Amino acid sequence: MSRLSDPRVPRGPGPRALLLLLLLCPCSVFTISFHLPVNSRKCLREEIHKDLLVTGEYEITDQSGGAGGLRTHLKITDSAGHILYSKEDATKGKFAFTTEDYDMFEACFESKGTGRTPDQLVILDMKHGVEAKNYEEIAKVEKLKPLEVELRRLEDLSESIVNDFAYMKKREEEMRDTNESTNTRVLYFSIFSMFCLIGLATWQVFYLRRFFKAKKLIE
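Notes on the structure in this doc start here. Residue positions are given per chain, counted from 1 along the sequence in the order it is written. Given that the model is predicted, a residue must reach a pLDDT of at least 70 before its local features are reported, and side-chain atom pairs must reach 80 or more before they are shown or counted; all residues, however, enter totals for whole chains, interfaces and linings. No hydrogens and no water enter the side-chain calculation; it runs on all heavy atoms of the structure.

**Let's talk about the pattern of salt bridges**
For the record, the criterion: Salt bridges are counted wherever a side-chain nitrogen of Lys or Arg sits within 4 Å of a carboxyl oxygen of Asp or Glu. A run of DSSP states H or I qualifies as a helix once it reaches four residues; a run of E qualifies as a strand once it reaches two. Both are numbered from the N-terminal end. Accessible area is worked out with a 1.4 Å probe on protein chains only. A residue is then buried under 20% of its type maximum, exposed over 50%, and partly exposed in between.
Counting across every chain of the model gives three salt bridges. One salt bridge in this structure joins Glu106 and Arg45, with 2.8 Å as the shortest N-O distance. A residue pair is termed long-range when its members are at least 10 positions apart, and Glu106 in strand β7 (residues 103-112) and Arg45 in strand β2 (residues 41-48) qualify at 61 residues. A salt bridge links Arg152 to Glu142, with the nearest nitrogen and oxygen atoms 2.6 Å apart. Here Glu142 lies in helix α2 (residues 135-142) and Arg152 lies in helix α3 (residues 146-214), a separation of 10 residues in the sequence. The class for Arg152 is partly exposed, based on a relative accessible area of 26%.

**Description of the pairing of strand β4 (residues 71-77)**
Which entries qualify depends on this criterion: Note: two strands are recorded as paired if DSSP finds a minimum of 2 bridges between them.
Of all seven residues making up β4, five are buried, and the element is well covered by its neighbours. The sheet contact formed by β4 and β7 spans seven bridges and is antiparallel. The residue bridging Thr77 from the neighbouring strand is Glu106, located in β7. Here β4 pairs with strand β5 (residues 83-87) via four bridges, running antiparallel.

**Points about the pairing of strand β6 (residues 92-98)**
Of the two faces of β6, the one holding Gly93, Phe95 and Phe97 is buried and the one holding Lys92, Lys94, Ala96 and Thr98 is not buried anywhere. Summarising the sheet, strand β3 (residues 53-61) and β6 pair through seven bridges and their orientation is antiparallel. Bridge pairing in β6 links Tyr58 to Gly93.

This is the structure:
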């Protein structure tokens, strides 16, 4: 005898819904490693949406064994130059901040030292959006069950998607307004140019007429 499911028991989101949310989610995980030569500067840039939590971990491996007084400075700024995180003689650590507006953020590593020393290995792991939240800590604080934690995560995912679509709609409206304004200006400029050409052609006709009359070439 087959067992029928109770319609009163809520079902979790299906795999298709989970896949759709993950594909549309504006959250991001950004991990990169690179070599930083001595007395050089490398910057990484990324556009991040408004009101998003950004967390990151970095580790700088000094392969010179402490020779040459090698030091690395890490600084994270926005497009206006506001310093969100700064660390002198950075080796290993974490940082976190919340974005106030949609902007381009820049993380710069600058190495200073003397002599010939091997390149430093820099590993940077950045997360923002839903991926930056620690749901394990949230579950401990609020005493949530695993299903409730997953539902909280899906709720945050859906909210991020809604905000992302709202931002895209706003950008679309701004671009449409810009296009309409540009088209109107081009139309007015075309009309003005046409009248200028008509006026210039009329002036040339009268000028040539007077010139030919003065030379008695025409009556």
